Amino acid sequence: MFSKQIISTFQKFTSAQSGLIANHNVRSLFLTSQRQREVVDRREMLRSVPKLDEGSAGEKAFEVDALIHQKTDIFPDADTPNRLFNGIPFKNLPIMNIRVSPNNTIITMTDDKGAVKLLRSCGIEGFKNTRKGTNIAAQATAITIGTKVLERGIKTVRVRVRGLGPGRMSAIKGLQMSGLEIVSITDSTPVSWNPPRPRKAKKL
Amino acid sequence: MRHASFIARTVFVQNNDVEAACRVLNRILGREGILEQYRRTRFFEKPFQFRRRINFEKCKAIYNEDMDRKIQFVLRKNRTEPFPGNP
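- As named in an unreviewed UniProt entry, chain B is 28S ribosomal protein S21, mitochondrial-like Protein, taken from Tribolium castaneum.
- What UniProt states about chain B under its Sequence similarities (unreviewed entry) heading is, verbatim, "Belongs to the bacterial ribosomal protein bS21 family."

- Labelled according to an unreviewed UniProt entry, chain A appears under the name 28S ribosomal protein S11, mitochondrial-like Protein, originating from Tribolium castaneum.

What follows is the structure in structure tokens.
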């Protein structure tokens, strides 16, 4: 008798539940076959898609090599230091140094001798801890320092980037968004083929 | 060897297109293996890791060479009949 009662309540419960499901129009999901098909599709897709860049955009794009041989005017030559940009020779243009690391981005404005005039980092900007090491923080920092540089009456700059990190591209983009005219982009990442022994690898 | 700064690894921005200039620069750095070397030297590579990497690179180079030869063989163009088997 008691067991019957239990069963009846259980049935009621299940019917109520099914009603609920019917009311909300929730479909039962059988995804296995579809998911398998997706995986196969994905594999095919990945085979056709070019390799992903690990850190910086365009790093693995080897196909467009003809462009480098055709466009010679995008690279500097012997006359470059004396070439005029807005009336200033290239060698006397102020430099925007961007120091990128995985955890921060520091941007300094120096004159052509290398004396620091302005400095701004993601930490100064108000981003703290892990938020410092984001592309958004780098872009905000670049826009702030860019406007400050413009206030000083400097409009044309050359950019020197050092290091790899999330802020590498977005800092340059931010400088451009602030209204500065970027003449050239230089990479000065310190790379050695016989370096002193680096620190031990992180444990994972 | 130190290179002259603002001469080496420098790309001019044309028509205010910063992204294109960055892409060209990154492509050169990636192609020359500079970025790869930079990433590899952040942490010490243990001798067993070094051995494994070198062996893997050797095998990959051999495989790639063979595969290139095969592809060149299939794509060769100095045949009398370019589509053998066709009537």
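## Looking at the interface of chain B and chain A
- Facing the 34 residues of chain B at the interface are 53 residues of chain A.
- Roughly 4,100 Å² of surface becomes buried between chain B and chain A when both sides are summed, with 63% attributable to carbon and sulfur atoms.
- Taken as a group, Phe6(B), Phe12(B) and Arg27(B) account for 22% of the area that chain B buries against chain A, more than any other trio of residues on that side.
- Inspection of the region where chain B meets chain A yields 2 salt bridges.
- Salt-bridge contacts for Arg9(B) lead to Asp187(A); the nearest nitrogen and oxygen are separated by 2.6 Å.
- The interface formed by chain B and chain A holds 10 residue pairs in polar contact (both at pLDDT 80 or more) in total.
- Mapped onto the side of chain B that touches chain A, the elements with two or more residues apiece are strand E1 (10-12), helix H1 (18-31) and helix H2 (34-40) of chain B.
- The residue inventory of the side of chain B that touches chain A, partitioned by class, reads 18 nonpolar, 9 polar and 7 charged.
- Bridge count between strand E7 (residues 181-187) of chain A and E1(B): 3 bridges; the pairing is antiparallel. Looking across to E1(B), one finds that Thr186(A) is bridged to Thr10(B).

## Some points on the packing of aromatic side chains
- All chains considered together, the criterion is met by 4 aromatic pairs over all chains.
- Cluster of aromatic residues (ring-pair linked, three or more members): Phe85(A), Phe90(A), Phe6(B) and Phe12(B).
- The side chain of Arg76(B) reaches across the aromatic face of Phe73(B), ending 4.5 Å from its centre.

## Let's talk about the sheet that holds strand E3 (residues 95-101) of chain A
- The sheet built from 6 strands is open, its strands ordered E5(A)-E4(A)-E3(A)-E6(A)-E7(A)-E1(B) with mixed pairing. What marks the edges here is a single partner per strand, and that holds for strand E5 (116-121) of chain A together with E1 of chain B. Strand after strand, the sheet turns through a mean of 20° between neighbouring axes, direction not considered.
- Relative to E5(A), strand E4 (residues 104-110) of chain A runs antiparallel, the two sharing 5 bridges.

How each quantity is defined
- Residues numbered from 1 in each chain as written.
- Chains lettered and ligands numbered in written order.
- Predicted model: local features only at pLDDT ≥ 70, side-chain atom pairs only at ≥ 80, totals over all residues.
- Heavy atoms only, no water.
- UniProt positions renumbered as here; feature names shortened; annotations may be inferred.
- Contact = heavy atoms within 4.5 Å.
- Buried area = accessible area lost by both parts, 1.4 Å probe.
- Salt bridge = Lys/Arg side-chain N within 4 Å of Asp/Glu carboxyl O.
- Polar contact = N/O pair within 3.5 Å; in protein donor to acceptor, adjacent residues only side chain to side chain.
- Helix = DSSP H or I, 4+ residues; strand = E, 2+ residues; numbered from the N terminus.
- Nonpolar A, V, L, I, M, F, W, Y, C, P; charged D, E, K, R; others polar.
- Pairing = 2+ DSSP bridges.
- Phe/Tyr/Trp six-rings, centres within 6.5 Å; stacked < 30°, edge-to-face > 60°.
- Lys NZ or Arg CZ within 6 Å of the ring centre and 35° of its normal.
- Axes fitted to C-alpha atoms, helices over the stretch in contact; angles between N-to-C directions.

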